[in-house]
Amino acid sequence: MSGINVRLADRLGQLPPYLFAELDRMKKQVQARGVDVISLGIGDPDLPTPPHIVEALCRAAHDPANHQYPSYEGLRTYRQAVADWYRQRNPAIALDPDTEVVALIGSKEGIGHAPWAFINPGDAVICPTPGYPVYAAGTLFAHGEVIEVYLHERDHFLIDYSKIPQGILERTRLLFINYPNNPTATCAPRSFYEETVDIARAFDIIVCHDAAYSEIYYDDRRPLSFLDIPGAKEVGVEFHSLSKTYNMTGWRIGWAAGNADVIRGLGKIKTNIDSGIFQAVQEAGIAALTGDQGCVAELRAIYQRRRDMALAGLRKIGLDPLTPEAAFYVWMRAPEGTTSTEFATRVLQEAGVVITPGPGFGPGGEGYVRMTLTVDEARLEEAIERMGKVV
Ligand SMILES: Cc1ncc(COP(=O)(O)O)c(C=O)c1O
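Notes on the structure follow. Computed from a prediction, not measured in an experiment: that's the story for all the values here.

### Side note on the environment of Gly352
- When you line up the elements, Gly352 lands in the loop between helix 13 (340-351) and strand 10 (353-354).
- Look at Gly352 and you get buried, because its relative accessible area is 2%.
- Taking C-alpha positions, Gly352 is 8.2 Å from Ala383, a pair spaced 31 residues apart along the chain.
- In this structure Gly352 touches Val30, Val35, Asp36, Val37, Ile38, Val347 and Arg386, once residues within four positions along its chain are discounted.

Next up, the structure:
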């Protein structure tokens, strides 16, 4: 029997090649040789969700009231918990849970859908590179024009707005920024956010700040939220997530908070294509946000030990990692004379360690590789020791 001719839509053809798929294929080959591969590729915490959060889910799952469709925008109590979380972080941040917070099925969902709400075909969207690939993918799906803005080490991986031509800023409708940054693990100073608010005002640009890693920081230096900046709420929103703060990547729960018009636009998209987050998961989210934050401090202490150990180890084997300020990644240059992909391939083939080549985060990542800190210290030490043989 002959089947139909399945043709993918053109928008899928516009996506950049998915480097991770190739790495995954190679990883399986190496494993098939019997090698115990250590994966420092994907940013997925290895530690479990704290028990009080799991217990809140179990309790809520037994309540039939939670078995029906949830509300599109999220439980009022969840949105209130988000507003309270911000207020406890900075008493100057006042968010109206009814109009300025929306629950997301993980922040990736909101980030990917944001361009659908605000971008007409051909509108420009600034997507930093290296950067989280979803900014560009969401823009392409909405038929927007991706404006790749390179982040440079000499600028501390901050956008240099003075280098963006005025004509482009005039056509830009939406700007993605992300600090603490994936993949570079750097933070942005107050002055950068202030400049961002000024640029957004001057050119009528919606700012989407991705703050997924704001609670995973080092040396007691807590990163700013975009909403800490006066005027931020007039120009944009912050996307946030429980994934990294509470080891909840699998649960799929996050939020967007800030400008009421942006929240309404996002909500309109969501009403039409999803039906919200399982309420029991939202109850667990409330337990996470309003419960004892000691678990987050403990998590930071664990990553701090891993980071310090990894930096010392990597320097000892002759690599030159940048010191992460936040997030659980180490960003470093590939050794002289090799491209990122050549180096990552050798590390996998010869040392059995998966690291991510920088171009996986766009062309601005060339010359670098990213390694995660999401394995225990013994495993991390072994990975670095093995990498030493390749370097
Ligand atoms: C920079 C950044 N933003 C957002 C996300 C999405 O996180 P989630 O959808 O789990 O909230 C990730 C996940 O890795 C990320 O690295």
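### Some details on the packing of aromatic side chains
- Scanning the entire structure with this criterion turns up 16 aromatic pairs.
- When the ring of Tyr132 is compared with that of Tyr135, the centres are 5.7 Å apart and the planes differ by 70 degrees; the resulting orientation is edge-to-face.
- Take Tyr132: its relative accessible area is 22%, and that puts it in the partly exposed class.
- Centre to centre, the rings of Tyr193 and Phe226 are 6.0 Å apart; their planes meet at 55 degrees, and the pair counts as tilted. One end of the pair, Tyr193, is in helix 8 (residues 190-203); the other, Phe226, is in the loop between strand 6 (206-210) and helix 9 (232-235), and 33 residues separate them in sequence. Side by side, Tyr193 and Phe226 carry an identical accessibility label, which is buried.
- Each member of the aromatic cluster is reached from another via a ring pair, and the members are Tyr161, Tyr179, Phe192, Tyr193 and Phe226.

### What about unusual backbone geometry?
- Cis geometry is found at the peptide bond from Tyr179 to Pro180, where omega equals -10 degrees.
- Structurally, Pro180 is set in the loop between strand 5 (172-178) and helix 8.
- With an omega of 15 degrees, the peptide bond running from Asn182 to Pro183 counts as cis.
- Positive phi, normally seen in glycine, also occurs at Ala185, with a value near 65 degrees.
- On the accessibility criterion, Ala185 (0% relative accessible area) is buried.
- Positive phi, normally seen in glycine, also occurs at Ala327, with a value near 70 degrees.

### Overview of the site of the ligand
- Neighbouring the ligand are 14 residues; Asp210, Tyr213, Ser241, Ser243 and Arg252 lie closest to it.
- Separating an oxygen atom of the ligand from a side-chain N or O atom of Ser243 is a distance of 2.6 Å.
- In isolation the ligand offers 400 Å² of accessible surface; the protein chains occlude 91% of this area.
- If you tally residues by element for the shell around the ligand, the top one is helix 5 (residues 107-118), at three residues.
- The residue inventory of the shell around the ligand, partitioned by class, reads four nonpolar, six polar and four charged.

Cut-off values and rules
- Residues numbered from 1 in each chain as written.
- Predicted model: local features only at pLDDT ≥ 70, side-chain atom pairs only at ≥ 80, totals over all residues.
- Heavy atoms only, no water.
- Helix = DSSP H or I, 4+ residues; strand = E, 2+ residues; numbered from the N terminus.
- Buried < 20%, exposed > 50% of the residue type's maximum accessible area, 1.4 Å probe, protein only.
- Contact = heavy atoms within 4.5 Å.
- Phe/Tyr/Trp six-rings, centres within 6.5 Å; stacked < 30°, edge-to-face > 60°.
- Near = heavy atom within 4 Å.
- Polar contact = N/O pair within 3.5 Å; in protein donor to acceptor, adjacent residues only side chain to side chain.
- Areas by Shrake-Rupley, 256 points an atom, 1.4 Å probe, with all protein chains shown as cover.
- Nonpolar A, V, L, I, M, F, W, Y, C, P; charged D, E, K, R; others polar.

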